[in-house]
Amino acid sequence: MPYVMERIQKVKEMREKSTFKPTRKMALIPFKFREEINPDTFIAIPKTSSEKRKYIPIGYLDSNTIPGNSIRIIENATLYHFGVLTSNVHMAWMRAVCGRLKSDYSYSIFIVYNNFPWCTPTDAQKAKIEQTVQAILDARTKFPDSSLADLYDELTMPPELCKAHQANDFAVMAAYGFDRKITESEYMAELMRRYRELVKEADA
């Protein structure tokens with residue numbers, strides 16, 4: 001397998017040149033990944049994403065994929081978790097509290113994810129979110145030659161994917177008790193109220 005061996009040799013050379021001692025030590029085993037995080041399922045959120053997108057292109061992956069260092073991951077996540085995080089509710093929260101790289105979104109687990117007030121859905125609401133999420137994933141598979149960056153371009157997002165996201169938005173909003181006609185600023189105000197309540201409970 002000459003091409004594989006060539007890549008391994010390049011990894012060895014790169015590690016040997018590193019100024020970081022643990023990396024140089026890894027040059028002795030260049031065929032091994034330095035990081036071996038490989039959960040059964042995980043949500044992959046890019047560290048940075050264009051401010052022009054309505055939805056951050058979030059991935060829902062399994063153990064066949066090893067995550068790299070340019071994403072945030074949430075291990076052993078379910079379709080329900082993915083549905084809430086890819087919804088307009090979480091996107092509004094993200095836009096309000098995330099950091100910025102120039103003007104692009106910079107997603108932080110500590111600031112965005114850890115402080116996000118989750119809903120408490122009924123079994124029926126949770127099942128509905130899982131159903132709408134599956135529709136999102138199914139819509140993505142119709143475009144095997146397109147990356148998530150391509151699919152989530154605001155100008156060229158496929159109509160069926162857009163429709164699937166809208167259905168998921170409504171399902172998540174229902175789980176939060178939000179009316180479909182509520183504005184983003186209105187449900188952001190409610191999310192902030194819930195966040196303050198959670199802080200009070202934690203401090204009590």
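In what follows, the structure referred to is the one given above.
Since this is a predicted model, take the numbers as computed values, not measurements. (Residues numbered from 1 in each chain as written. Predicted model: local features only at pLDDT ≥ 70, side-chain atom pairs only at ≥ 80, totals over all residues. Heavy atoms only, no water.)

**Let's talk about the pattern of salt bridges**
Note on pairing: side chains with opposite charge can pair once their charged atoms come close.
Part 1: Inspection of the entire model under this criterion finds five salt bridges.
Part 2: Among the ionic pairs, E190 bridges to R193, the shortest N-O distance being 2.8 Å. On the criterion of helical spacing, the pair formed by E190 and R193 is a turn pair, its members being three residues apart in helix α9 (residues 184-203).
Part 3: For R193, a relative accessible area of 39% puts it in the partly exposed group.
Part 4: The shortest N-O distance in the salt bridge between R194 and E190 comes to 2.9 Å. (Salt bridge = Lys/Arg side-chain N within 4 Å of Asp/Glu carboxyl O. Helix = DSSP H or I, 4+ residues; strand = E, 2+ residues; numbered from the N terminus. Buried < 20%, exposed > 50% of the residue type's maximum accessible area, 1.4 Å probe, protein only.)

**A word on unusual backbone geometry**
For residues that are not glycine, phi is negative in most cases, and the peptide bond is trans in most cases.
Part 1: At N76, a position not held by glycine, the phi torsion is positive, near 50 degrees.
Part 2: Assignment of secondary structure puts N76 in the loop between β4 (71-75) and α3 (79-85).
Part 3: Positive phi, close to 60 degrees, is recorded for K102, a residue that is not glycine.
Part 4: With respect to the element layout, K102 can be found in the loop between β5 (99-101) and β6 (104-106).

**Description of α9**
Part 1: The terminal C-alpha atoms of α9, which comprises 20 residues, lie 28 Å apart, in line with the 28 Å expected from a rise of 1.5 Å per residue.
Part 2: Those residues of α9 that sit buried are Y187, M188, E190 and L191. Here the buried residues of α9 occupy an arc of 160 degrees about the axis, which is enough to place them on one side. Looking at α9, the residues exposed on the side facing more than 90 degrees away from the buried face are S185, K200 and D203.
Part 3: Elements that come into contact with the buried residues of α9 comprise α4 (88-97) and α8 (159-176). (Expected span 1.5 Å × (residues − 1). Arc of directions from axis to C-beta. Contact = heavy atoms within 4.5 Å.)

**Digging into the layout of surface pockets**
Part 1: By volume, the largest pocket amounts to about 500 Å³.
Part 2: What lines the largest pocket is a set of 19 residues, among which R34, E35, P67, G68 and N69 lie closest to the centre.
Part 3: Here the lining of the largest pocket gets three residues from one element, more than from any other, and that element is helix α1 (residues 2-16).
Part 4: Class assignment for the residues of the lining of the largest pocket results in 11 nonpolar, three polar and five charged.
Part 5: Lining the second largest pocket are 14 residues; nearest its centre among them are K54, Y55, C162, Q166 and D169.
Part 6: Considering each element in turn, the lining of the second largest pocket owes the most residues, six residues, to α8.
Part 7: The class makeup of the residues in the lining of the second largest pocket is six nonpolar, two polar and six charged. (1 Å grid on protein atoms, 1.4 Å probe; cavity = no way out; pocket = protein on both sides within 12 Å on 5 of 7 lines; lining within 4 Å. Points joined across faces, edges and corners; volume = space filled by probe spheres on them. Nonpolar A, V, L, I, M, F, W, Y, C, P; charged D, E, K, R; others polar.)

**Looking at the packing of aromatic side chains**
The geometry of an aromatic ring pair is captured by the separation of the ring centres together with the interplanar angle, meaning the angle of the planes.
Part 1: Using the criterion set out here, one finds nine aromatic pairs in the structure.
Part 2: Consider the rings of Y176 and F178, whose centres lie 5.4 Å apart with planes at 20 degrees: the pair is stacked.
Part 3: In this structure Y176 comes out as buried when scored by relative accessible area, which is 4%.
Part 4: Relative to Y187, the ring of F178 lies with its centre 5.8 Å away and its plane at 15 degrees, an arrangement referred to as stacked.
Part 5: Relative accessible area serves as the criterion here: at 4%, Y187 is assigned to the buried category.
Part 6: The cationic tip of K126 hangs over the ring face of Y80; the distance from NZ or CZ to the ring centre is 5.2 Å. (Phe/Tyr/Trp six-rings, centres within 6.5 Å; stacked < 30°, edge-to-face > 60°. Lys NZ or Arg CZ within 6 Å of the ring centre and 35° of its normal.)

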